[in-house]
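If you want the building blocks of each chain, they are given just below.
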Amino acid sequence: MSTALTAVGGGVCALALVLSGTADAAPAAPEPTHPDDDYAGSQILKHEATTRSGVGLTAAAGTEGVDVSSHQRKVAWSTLRKSGVRFAYIKATESKSYKNPYFTQQYNGAYNVGMIRGAYHFALPNTSSGATQARFFLAHGGGWSKDGKTLPGALDMEYNPYGATCYGLSKQAMVNWVRDFFRTYKARTGRDVVIYTSTNWWKNCTGNYTGFGKTNPLWVPRYGSSVGALPGGWKYQTIWQYTSKGPTVGDHDRFNGGLDRVQALANG
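Residues numbered from 1 in each chain as written. Predicted model: local features only at pLDDT ≥ 70, side-chain atom pairs only at ≥ 80, totals over all residues. Heavy atoms only, no water.

### Comments concerning the state of the cysteines
Piece 1. Under the counting rule described, the total for this entry stands at one disulfide.
Piece 2. Across a sulfur-sulfur distance of 1.9 Å, Cys166 and Cys205 are joined as a disulfide pair. Taking the torsion about the sulfur-sulfur bond, which here is approximately -80 degrees, the covalent link between Cys166 and Cys205 counts as left-handed. Here the residue Cys166 occupies a position in the loop between β5 (154–156) and α6 (171–189), and Cys205 occupies one in helix α7 (residues 199–206), the gap between them amounting to 39 residues. Neither Cys166 nor Cys205 differs from the other in exposure class; each is buried. (Disulfide = S-S within 2.5 Å. Helix = DSSP H or I, 4+ residues; strand = E, 2+ residues; numbered from the N terminus. Buried < 20%, exposed > 50% of the residue type's maximum accessible area, 1.4 Å probe, protein only.)

Written out as C-alpha coordinates, the structure is:
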(Lines give C-alpha, C1' and ligand atoms only; values in the text may rest on other atoms or scores of the structure.)
Protein backbone atom coordinates (compact mmCIF):
# COMPACT_ATOMS: atom_id res chain seq x y z
CA MET A 1 0.00 0.00 0.00
CA SER A 2 2.75 2.44 0.91
CA THR A 3 4.55 1.67 -2.35
CA ALA A 4 1.39 2.43 -4.33
CA LEU A 5 0.90 5.70 -2.47
CA THR A 6 4.49 6.67 -3.18
CA ALA A 7 3.98 5.95 -6.86
CA VAL A 8 0.78 7.99 -6.96
CA GLY A 9 2.44 10.84 -5.09
CA GLY A 10 5.34 10.81 -7.51
CA GLY A 11 2.89 11.00 -10.39
CA VAL A 12 1.18 14.01 -8.83
CA CYS A 13 4.52 15.77 -8.42
CA ALA A 14 5.44 15.01 -12.03
CA LEU A 15 2.09 16.37 -13.20
CA ALA A 16 2.63 19.53 -11.18
CA LEU A 17 6.00 20.02 -12.83
CA VAL A 18 4.51 19.60 -16.28
CA LEU A 19 1.74 22.09 -15.52
CA SER A 20 4.23 24.63 -14.20
CA GLY A 21 6.36 24.24 -17.31
CA THR A 22 9.48 23.06 -15.47
CA ALA A 23 9.45 19.34 -16.25
CA ASP A 24 12.54 18.14 -18.14
CA ALA A 25 13.81 21.73 -18.29
CA ALA A 26 17.49 22.05 -19.10
CA PRO A 27 19.64 23.61 -16.41
CA ALA A 28 19.70 27.37 -16.77
CA ALA A 29 22.84 28.89 -18.21
CA PRO A 30 24.86 31.17 -15.93
CA GLU A 31 24.17 34.86 -15.83
CA PRO A 32 26.13 37.12 -18.24
CA THR A 33 29.79 37.76 -17.48
CA HIS A 34 30.43 40.68 -19.87
CA PRO A 35 27.06 42.44 -20.23
CA ASP A 36 28.69 45.81 -20.89
CA ASP A 37 29.88 44.35 -24.20
CA ASP A 38 26.42 43.10 -25.18
CA TYR A 39 24.36 45.76 -26.94
CA ALA A 40 22.03 46.02 -29.92
CA GLY A 41 24.08 44.90 -32.90
CA SER A 42 27.18 43.78 -31.01
CA GLN A 43 26.73 40.20 -32.17
CA ILE A 44 25.46 41.16 -35.62
CA LEU A 45 28.85 42.78 -36.21
CA LYS A 46 30.59 39.55 -35.19
CA HIS A 47 28.45 37.09 -37.14
CA GLU A 48 27.21 38.98 -40.18
CA ALA A 49 30.41 40.34 -41.69
CA THR A 50 30.12 43.81 -43.15
CA THR A 51 32.72 46.42 -44.02
CA ARG A 52 30.23 49.15 -44.95
CA SER A 53 29.31 51.57 -42.22
CA GLY A 54 26.09 52.65 -43.90
CA VAL A 55 26.52 56.31 -42.99
CA GLY A 56 25.87 57.44 -46.56
CA LEU A 57 22.22 56.49 -47.05
CA THR A 58 20.60 56.30 -50.47
CA ALA A 59 17.43 57.96 -49.16
CA ALA A 60 17.24 60.65 -46.52
CA ALA A 61 13.58 60.00 -45.66
CA GLY A 62 12.65 59.17 -42.10
CA THR A 63 13.60 60.36 -38.63
CA GLU A 64 17.09 60.04 -37.22
CA GLY A 65 17.67 58.15 -33.97
CA VAL A 66 20.38 56.41 -31.95
CA ASP A 67 20.68 53.50 -29.57
CA VAL A 68 23.09 53.38 -26.64
CA SER A 69 24.14 51.19 -23.72
CA SER A 70 26.73 51.33 -20.97
CA HIS A 71 29.23 50.87 -23.80
CA GLN A 72 28.89 54.62 -24.52
CA ARG A 73 28.91 55.65 -20.84
CA LYS A 74 27.77 59.26 -20.47
CA VAL A 75 26.18 60.43 -23.72
CA ALA A 76 26.39 63.95 -25.18
CA TRP A 77 22.66 64.27 -25.78
CA SER A 78 22.73 67.98 -26.63
CA THR A 79 25.26 67.30 -29.39
CA LEU A 80 23.07 64.57 -30.82
CA ARG A 81 19.98 66.74 -30.63
CA LYS A 82 21.72 69.58 -32.50
CA SER A 83 22.79 67.11 -35.20
CA GLY A 84 19.18 66.12 -35.90
CA VAL A 85 18.65 63.06 -33.70
CA ARG A 86 15.05 62.94 -32.45
CA PHE A 87 14.65 59.57 -30.75
CA ALA A 88 16.74 57.05 -28.81
CA TYR A 89 16.63 53.54 -27.42
CA ILE A 90 18.67 52.85 -24.28
CA LYS A 91 19.69 49.43 -23.01
CA ALA A 92 18.18 48.89 -19.58
CA THR A 93 18.72 45.24 -18.74
CA GLU A 94 20.12 41.86 -19.77
CA SER A 95 18.90 38.43 -18.72
CA LYS A 96 17.54 38.63 -15.15
CA SER A 97 20.48 40.18 -13.34
CA TYR A 98 22.15 43.02 -15.27
CA LYS A 99 21.10 46.66 -15.00
CA ASN A 100 22.85 49.30 -17.11
CA PRO A 101 24.72 51.50 -14.59
CA TYR A 102 24.44 54.51 -16.96
CA PHE A 103 20.75 54.03 -17.65
CA THR A 104 19.48 56.99 -15.61
CA GLN A 105 21.86 59.49 -17.23
CA GLN A 106 21.16 58.14 -20.68
CA TYR A 107 17.37 57.73 -20.38
CA ASN A 108 16.72 61.00 -18.59
CA GLY A 109 19.34 62.81 -20.64
CA ALA A 110 17.57 62.00 -23.89
CA TYR A 111 14.27 63.14 -22.40
CA ASN A 112 15.73 66.38 -21.05
CA VAL A 113 16.89 67.55 -24.49
CA GLY A 114 13.48 66.86 -25.99
CA MET A 115 13.98 63.44 -27.56
CA ILE A 116 11.45 60.62 -27.56
CA ARG A 117 13.13 57.66 -25.88
CA GLY A 118 12.55 54.07 -24.93
CA ALA A 119 14.36 51.21 -23.24
CA TYR A 120 15.48 47.85 -24.57
CA HIS A 121 16.29 44.45 -23.05
CA PHE A 122 19.13 42.22 -24.29
CA ALA A 123 17.65 38.72 -24.18
CA LEU A 124 19.49 35.60 -23.04
CA PRO A 125 16.78 32.97 -23.60
CA ASN A 126 18.76 30.16 -21.98
CA THR A 127 19.10 31.74 -18.52
CA SER A 128 15.42 32.10 -17.59
CA SER A 129 11.94 32.29 -19.09
CA GLY A 130 10.67 35.09 -21.27
CA ALA A 131 8.20 36.09 -18.57
CA THR A 132 10.96 36.29 -15.94
CA GLN A 133 13.09 38.54 -18.12
CA ALA A 134 10.12 40.72 -19.10
CA ARG A 135 9.31 41.29 -15.42
CA PHE A 136 12.95 42.15 -14.69
CA PHE A 137 12.99 44.59 -17.60
CA LEU A 138 9.77 46.23 -16.43
CA ALA A 139 11.14 46.61 -12.92
CA HIS A 140 14.35 48.31 -14.08
CA GLY A 141 13.50 50.92 -16.69
CA GLY A 142 11.46 49.05 -19.29
CA GLY A 143 8.04 50.42 -18.40
CA TRP A 144 5.86 52.62 -20.58
CA SER A 145 3.69 55.65 -19.94
CA LYS A 146 1.53 57.65 -22.31
CA ASP A 147 3.42 60.91 -21.92
CA GLY A 148 4.22 61.39 -25.59
CA LYS A 149 7.95 60.92 -24.90
CA THR A 150 8.22 57.19 -24.14
CA LEU A 151 8.50 54.48 -26.77
CA PRO A 152 7.32 50.93 -26.00
CA GLY A 153 10.03 48.61 -24.73
CA ALA A 154 12.18 46.73 -27.25
CA LEU A 155 13.36 43.12 -27.08
CA ASP A 156 16.85 42.55 -28.51
CA MET A 157 17.04 39.06 -30.04
CA GLU A 158 20.40 38.29 -31.60
CA TYR A 159 23.30 35.84 -31.60
CA ASN A 160 24.34 34.41 -28.25
CA PRO A 161 27.43 36.21 -26.89
CA TYR A 162 28.18 33.22 -24.64
CA GLY A 163 27.78 30.12 -26.80
CA ALA A 164 25.42 28.42 -29.25
CA THR A 165 23.90 30.81 -31.79
CA CYS A 166 20.31 29.94 -30.86
CA TYR A 167 20.98 29.46 -27.13
CA GLY A 168 20.41 25.70 -27.37
CA LEU A 169 16.69 26.22 -28.06
CA SER A 170 14.69 24.63 -30.84
CA LYS A 171 12.99 26.95 -33.32
CA GLN A 172 9.61 26.39 -31.67
CA ALA A 173 11.06 26.89 -28.19
CA MET A 174 12.56 30.20 -29.32
CA VAL A 175 9.22 31.38 -30.71
CA ASN A 176 7.57 30.37 -27.43
CA TRP A 177 10.19 32.28 -25.44
CA VAL A 178 9.61 35.48 -27.44
CA ARG A 179 5.84 35.05 -27.08
CA ASP A 180 6.23 34.55 -23.32
CA PHE A 181 8.18 37.81 -23.08
CA PHE A 182 5.85 39.95 -25.17
CA ARG A 183 2.65 38.61 -23.58
CA THR A 184 4.03 39.42 -20.14
CA TYR A 185 5.10 42.88 -21.27
CA LYS A 186 1.77 43.62 -22.92
CA ALA A 187 -0.22 42.43 -19.90
CA ARG A 188 1.58 45.02 -17.77
CA THR A 189 1.75 47.94 -20.21
CA GLY A 190 -0.90 47.38 -22.86
CA ARG A 191 1.81 47.78 -25.52
CA ASP A 192 3.27 45.37 -28.05
CA VAL A 193 7.00 45.15 -27.55
CA VAL A 194 9.28 46.22 -30.42
CA ILE A 195 11.38 43.29 -31.68
CA TYR A 196 15.02 43.94 -32.63
CA THR A 197 16.46 41.15 -34.76
CA SER A 198 18.40 40.47 -37.93
CA THR A 199 16.89 38.56 -40.84
CA ASN A 200 19.59 35.88 -40.77
CA TRP A 201 19.33 35.22 -37.04
CA TRP A 202 15.52 35.13 -37.19
CA LYS A 203 15.61 32.59 -40.01
CA ASN A 204 18.14 30.40 -38.23
CA CYS A 205 16.62 30.47 -34.77
CA THR A 206 12.85 30.73 -35.31
CA GLY A 207 12.54 29.10 -38.72
CA ASN A 208 11.58 32.55 -40.07
CA TYR A 209 8.40 32.54 -37.98
CA THR A 210 5.80 34.96 -39.35
CA GLY A 211 3.42 35.29 -36.41
CA PHE A 212 4.71 38.54 -34.87
CA GLY A 213 4.67 40.68 -38.00
CA LYS A 214 1.13 41.99 -37.57
CA THR A 215 1.49 42.98 -33.92
CA ASN A 216 5.09 43.80 -33.04
CA PRO A 217 7.02 46.69 -34.63
CA LEU A 218 10.30 45.58 -36.22
CA TRP A 219 13.68 47.14 -35.52
CA VAL A 220 16.15 45.59 -37.94
CA PRO A 221 19.95 45.96 -38.18
CA ARG A 222 21.65 46.10 -41.54
CA TYR A 223 24.74 48.20 -42.09
CA GLY A 224 24.55 49.49 -45.63
CA SER A 225 22.72 51.83 -47.96
CA SER A 226 19.47 49.82 -47.99
CA VAL A 227 17.55 47.83 -45.41
CA GLY A 228 17.54 44.60 -47.44
CA ALA A 229 15.27 41.59 -46.94
CA LEU A 230 13.19 41.53 -43.76
CA PRO A 231 12.41 38.64 -41.39
CA GLY A 232 9.29 36.57 -42.02
CA GLY A 233 5.94 38.21 -41.31
CA TRP A 234 7.03 41.84 -41.56
CA LYS A 235 6.17 43.85 -44.67
CA TYR A 236 8.18 46.86 -43.54
CA GLN A 237 10.53 47.87 -40.75
CA THR A 238 9.59 50.47 -38.16
CA ILE A 239 13.22 51.22 -37.28
CA TRP A 240 16.37 50.48 -39.25
CA GLN A 241 19.74 50.39 -37.46
CA TYR A 242 21.81 51.39 -40.46
CA THR A 243 25.29 51.96 -39.04
CA SER A 244 27.53 51.18 -36.10
CA LYS A 245 29.92 54.01 -37.02
CA GLY A 246 27.75 57.09 -36.83
CA PRO A 247 28.76 60.33 -35.11
CA THR A 248 29.01 60.69 -31.31
CA VAL A 249 27.69 57.26 -30.25
CA GLY A 250 28.24 54.84 -33.14
CA ASP A 251 24.84 53.17 -33.53
CA HIS A 252 22.42 55.27 -35.58
CA ASP A 253 18.89 54.39 -36.62
CA ARG A 254 16.29 55.62 -39.08
CA PHE A 255 12.60 55.59 -38.17
CA ASN A 256 10.41 54.68 -41.13
CA GLY A 257 8.40 57.90 -41.13
CA GLY A 258 8.39 61.47 -39.92
CA LEU A 259 8.54 62.67 -36.33
CA ASP A 260 4.76 62.49 -36.15
CA ARG A 261 5.01 58.70 -36.67
CA VAL A 262 7.58 58.40 -33.89
CA GLN A 263 5.15 60.31 -31.66
CA ALA A 264 2.31 58.02 -32.74
CA LEU A 265 4.32 54.95 -31.67
CA ALA A 266 5.09 56.62 -28.35
CA ASN A 267 1.43 57.42 -27.74
CA GLY A 268 0.18 53.98 -28.66
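### Quick look at the packing of helix α5 (residues 130–139) against α6
Piece 1. Contact geometry of α5 with α6 gives a least axis separation of 7 Å together with a crossing angle of 40 degrees. As far as their axial angle goes, α6 and α5 are oblique. At the point where α5 passes α6, the crossing takes the right-handed sense. Residues Gly130, Ala131, Gln133, Ala134, Arg135, Phe137 and Leu138 of α5 form the contact with α6, whose own contacting residues are Trp177, Asp180, Phe181, Thr184, Tyr185, Arg188 and Thr189.
Piece 2. Here the contact of α5 with α6 is composed, by residue class, of seven nonpolar, four polar and three charged. (Axes fitted to C-alpha atoms, helices over the stretch in contact; angles between N-to-C directions. Parallel < 35°, antiparallel > 145°, perpendicular 65-115°, else oblique. Left-handed = near helix turned anticlockwise from the far one by under 90°. Contact = heavy atoms within 4.5 Å. Nonpolar A, V, L, I, M, F, W, Y, C, P; charged D, E, K, R; others polar.)

### Section: the nonpolar core
Piece 1. Trp77 and Trp219 are the most contacted members of the largest nonpolar core, which has 64 residues in total.
Piece 2. No other element matches the seven residues that α6 contributes to this core. (Core = buried A, V, L, I, M, F, W, Y, C linked by side-chain atoms within 4.5 Å.)

### Digging into the pattern of salt bridges
Piece 1. Evaluated as defined, the whole model comprises four salt bridges.
Piece 2. The salt bridge involving Lys91 is made with Glu94; its shortest N-O contact spans 2.7 Å. Grouping residues by exposure puts Lys91 and Glu94 together as buried. (Salt bridge = Lys/Arg side-chain N within 4 Å of Asp/Glu carboxyl O.)

### Structural notes on the packing of α6 against α7
Piece 1. Close contact between α6 and α7 brings their axes to 7 Å; oriented N to C, the two are set at 115 degrees. By the angle between their directions, the pair α6 and α7 is classed as roughly perpendicular. Counted together, Lys171, Met174 and Val175 of α6 and Trp201, Lys203, Asn204, Cys205 and Thr206 of α7 form the full contact between these two elements.
Piece 2. Looking at the contact of α6 with α7 residue by residue, the classes come out as four nonpolar, two polar and two charged.

### So, the side chain of Ser69
Piece 1. By the element assignment, Ser69 lies in the loop between β1 (63–68) and α3 (77–82).
Piece 2. Here Ser69 falls in the buried class, since its relative accessible area comes to 1%.
Piece 3. Ser69 has contacts with Tyr39, Lys91, Asn100, Gln106 and Tyr120, leaving out every residue within four places of it along the chain.

So far we have only geometry, and geometry alone does not tell us how the molecule works.
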